[in-house]
Amino acid sequence: MTNDHISVNRGVWEADAKNWVALGERLWSSDPQWGIWNVPDSALRLLPDDLTGQDAIELGCGTGYVSGWLARRGARVTAIDVSAGQLTTARRLATENGAEINFLEGNAEATGLPDAAFDFAISEYGAAIWCRPEVWLREAWRLLRPGGQLVFLGNHPLLLVCTPMNGAPSDRVLHRSYRGMWGADWTEVEIDPSGVTFNLTMADWVALFREIGFAVENYHELYAPEGAKEAPPFVSLDWARDYPSEQVWVLRKPV
Ligand SMILES: C[S@@+](CC[C@H](N)C(=O)[O-])C[C@H]1O[C@@H](n2cnc3c(N)ncnc32)[C@H](O)[C@@H]1O
């Protein structure tokens, strides 16, 4: 495990940014839908219907389509990402879609933004998986006003346990220890190498939320939906019909 996950992940995303343009274009012009299975927001209700006059932040925004959805609902949106290449696409798509978003290049573990400046924070596969949970969650807490909400979506811990050590798609074998789960280095795997990602056991997520002070409002486990015909390279469709590949946490900073 490398200690320098931020610069490793920045390098990975700078190199990969061109491969995310088409998806970004599609999602900027879609209704809100989540994760690798495109679950409609009507099924999960992760976004408040009306964010008029509220301050929202996306942590690890990629091509910025989630920020676009927040802006459409009336929020003043700030979006941070560590990759300049991803932000170039995000800025172009915001302009083309008439969205005013304050895009910042930076690290979601240490944004440099003021305390208690936001009512709503979100990460879909951004800080949610690429940042150290014990660091970025404290940063999100600091950024939120009392009563503010944090929603994040990423890989389910079971996916990590069921992913072969060479990076092949998940299967029905336990390939690594669940106990002590924290980081996974994908930089040198044989199949589809990428960066350094983070996940925790269920008990450790809940313990961390409690330690920071977040209240858990909801939790979703997402499976491959009926009728799904394809899956991204790291998940086997057959596996994901029986095991959750994704999780969503909905948290609140109490008043
Ligand atoms: C998969 S994209 C997430 C955006 C979008 N929701 C999506 O799924 O395409 C992951 C993003 O996280 C960003 N990222 C990784 N580490 C980060 C960090 N420490 N701070 C901010 N952004 C980071 C990457 O640059 C990348 O744009």
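Remember, predicted model here, so these are calculated numbers, not experimental data.

Enquirer: Could you give me a rundown of the site of the ligand, with the residues and numbers involved?
Expert: Not every one of the 19 residues close to the ligand is listed here, only the nearest: Asp81, Gln86, Asn107, Ala108 and Glu124. Separating an oxygen atom of the ligand from a side-chain N or O atom of Tyr65 is a distance of 3.0 Å. In this structure, Asp81 approaches the ligand through a side-chain N or O atom, which is 2.6 Å from an oxygen atom. Taken by itself the ligand offers 580 Å² of open surface, and the protein chains cover 97% of this.

Enquirer: Got a sec to walk through the side chain of Asp81? Specific residues and values, please.
Expert: The residue Asp81 is located in strand β4 (residues 76-81) in this model. Although Asp81 is buried, it forms no salt bridge, and the closest oppositely charged side chain is Arg10 at an N-O distance of 8.3 Å. One polar contact links the side chain of Asp81 to the main-chain amide nitrogen of Cys61, over a distance of 3.1 Å. Looking at Asp81, its side chain comes within polar contact range of the main-chain nitrogen of Ser83, at 2.8 Å.

Enquirer: Before we move on, could you go through the pairing of β4 and cite the residues and values that matter?
Expert: β4 sits mainly inside the fold: five of its six residues count as buried. Looking at chain direction, β4 and strand β5 (residues 101-105) are connected through five bridges and run parallel. Among the inter-strand pairings, Ile80 is bridged to a residue of β5, identified as Leu104. Running through helix α5 (residues 84-96), the crossover from β4 to the neighbouring parallel element β5 is right-handed.

Enquirer: Break down the sheet that holds β5 for me, with residues and values.
Expert: The strands making up a sheet associate through hydrogen bonds between their backbones, and the pairing can be parallel or antiparallel. The seven strands lie next to each other as β5-β4-β3-β6-β7-β11-β10, forming an open sheet whose pairing is mixed. For this open sheet the edge positions go to β5 and β10 (215-222), each flanked by a neighbour on one side alone. Between one strand and the next, the sheet's axes are offset by a mean angle of 15°, whatever the strand orientation. Here five bridges tie strand β3 (residues 55-59) to β4, and the two strands are oriented parallel to one another. Looking across to β4, one finds that Ile57 is bridged to Thr78. Strands β4 and β5 of the sheet are contacted by α5, whose axis makes an angle of about 170° with β5. Its contacts with the sheet put helix α7 (residues 133-143) on β3, β6 (118-124) and β7 (144-155), and the angle it makes with β7 is roughly 150°.

Enquirer: Describe helix α2 (residues 21-28), with residues and values.
Expert: Inspection of α2 places Gly24, Leu27 and Trp28 among the buried residues, and these make up the whole buried set. Looking down the long axis of α2, one finds its buried residues gathered within 100° of arc, a one-sided arrangement.

Enquirer: A description of helix α1 (residues 5-16) should follow, citing residues and the corresponding values.
Expert: Across its twelve residues, α1 extends 16 Å between first and last C-alpha, which sits within 8% of the 16 Å expected from 1.5 Å per residue. Looking at α1, one finds that the buried residues are His5, Ile6, Asn9 and Trp13. Projected onto a plane normal to the axis of α1, the buried residues spread over an arc of 95° and lie on a single side. Tucked into the core, α1 has its buried residues touching α5, α6 (127-130) and β9 (196-198).

Enquirer: Please give an account of the state of the cysteines that cites residues and values.
Expert: Per the counting criterion, the structure on display carries zero disulfides. Cys131 forms no disulfide, and the closest cysteine sulfur to it belongs to Cys61, at a distance of 12 Å. Its relative accessible area of 7% is what places Cys131 among the buried residues.

Enquirer: Outline the packing of α2 against helix α4 (residues 65-72), listing residues and values.
Expert: The description of two helices packed together rests on the angle between their axes and the distance between the axes. Relative orientation of the contacting elements α2 and α4 amounts to 15°, with a least axis distance of 9 Å. In terms of their interaxial angle, α2 and α4 are classed as roughly parallel. Helix-helix and strand crossings are classified by hand; for α2 and α4 the assignment is right-handed. Note on element contacts: α4 touches α2 through Tyr65, Gly68, Trp69 and Arg72, opposite Gly24, Leu27 and Trp28. Class assignment for the residues of the contact of α2 with α4 results in four nonpolar, two polar and one charged.

Enquirer: Account for the pattern of salt bridges, with residues named and values stated.
Expert: Summed over all chains, the structure comprises 14 salt bridges. A salt bridge links Glu25 to Arg92; the shortest N-O distance between them is 2.8 Å. Linking Glu25 in helix α2 with Arg92 in helix α5, this pair joins segments that are 67 residues apart in sequence. Taking relative accessible area as the criterion, Arg92 reaches 31% and is therefore assigned partly exposed. Note that Asp49 and Arg45 form a salt bridge whose closest N and O atoms lie 3.0 Å from each other. Three or more residues are tied together by salt bridges with common partners; here these are Asp55, Arg76, Asp119 and Arg145.

Definitions and limits used
Residue indices begin from 1 for each chain and proceed along its sequence in written order. The predicted nature of this model means local features are confined to residues of pLDDT at least 70 and side-chain atom pairs, given and counted, to a pLDDT of 80 or more, with totals for whole chains, interfaces and linings taken over all residues. Side-chain metrics in this entry use all non-hydrogen atoms of the structure; hydrogen atoms and water are not considered. One heavy atom suffices: a residue is near a molecule or strand as soon as one of its heavy atoms comes within 4 Å of it. Here a polar contact means two N or O atoms within 3.5 Å. Within protein one must be a hydrogen donor candidate and the other an acceptor candidate, and residues neighboring in sequence count only if both atoms are side-chain atoms. All accessible areas in this document rest on Shrake-Rupley with a 1.4 Å probe, and a residue is counted as covered only by the protein chains that are shown. For the purposes of this entry, the term helix denotes a DSSP run of H or I that reaches at least four residues, the term strand denotes a run of E that reaches at least two, and both are numbered from the N terminus. For every residue, the accessible area obtained with a 1.4 Å probe (protein chains only) is divided by the maximum for its type, and the residue is called buried under 20%, exposed over 50%, and partly exposed between those limits. In this count, Lys and Arg are taken as positive residues and Asp and Glu as negative ones, while His and the chain termini are left out. Here a salt bridge means any side-chain nitrogen of Lys or Arg lying within 4 Å of a carboxyl oxygen belonging to Asp or Glu. Being paired, for any two strands, means DSSP has found at least two bridges between them. A clockwise path from the first strand over the helix to the second, with the strands pointing away from the viewer, defines a right-handed crossover. Note on method: axes are straight lines fitted to C-alpha atoms, helices fitted across the in-contact stretch only, with angles between N-to-C directions ranging 0 to 180 degrees. For this analysis, residues touch if any pair of their heavy atoms sits within 4.5 Å. Of all possible arcs, the one meant is that of the directions from the helix axis to the C-beta atoms. In this scheme, a helix's expected span is set at 1.5 Å multiplied by one less than its residue total. Our working definition of a disulfide is a cysteine sulfur pair at a distance within 2.5 Å. For classification purposes, an angle smaller than 35 degrees is called roughly parallel, one larger than 145 roughly antiparallel, one from 65 to 115 roughly perpendicular, and anything else oblique. With the far helix as reference, a near helix turned anticlockwise by less than a right angle produces a left-handed crossing, and one turned clockwise produces a right-handed crossing. Side-chain classes are defined by residue name, with Ala, Val, Leu, Ile, Met, Phe, Trp, Tyr, Cys and Pro counting as nonpolar, Asp, Glu, Lys and Arg as charged, and the others, Gly among them, as polar.

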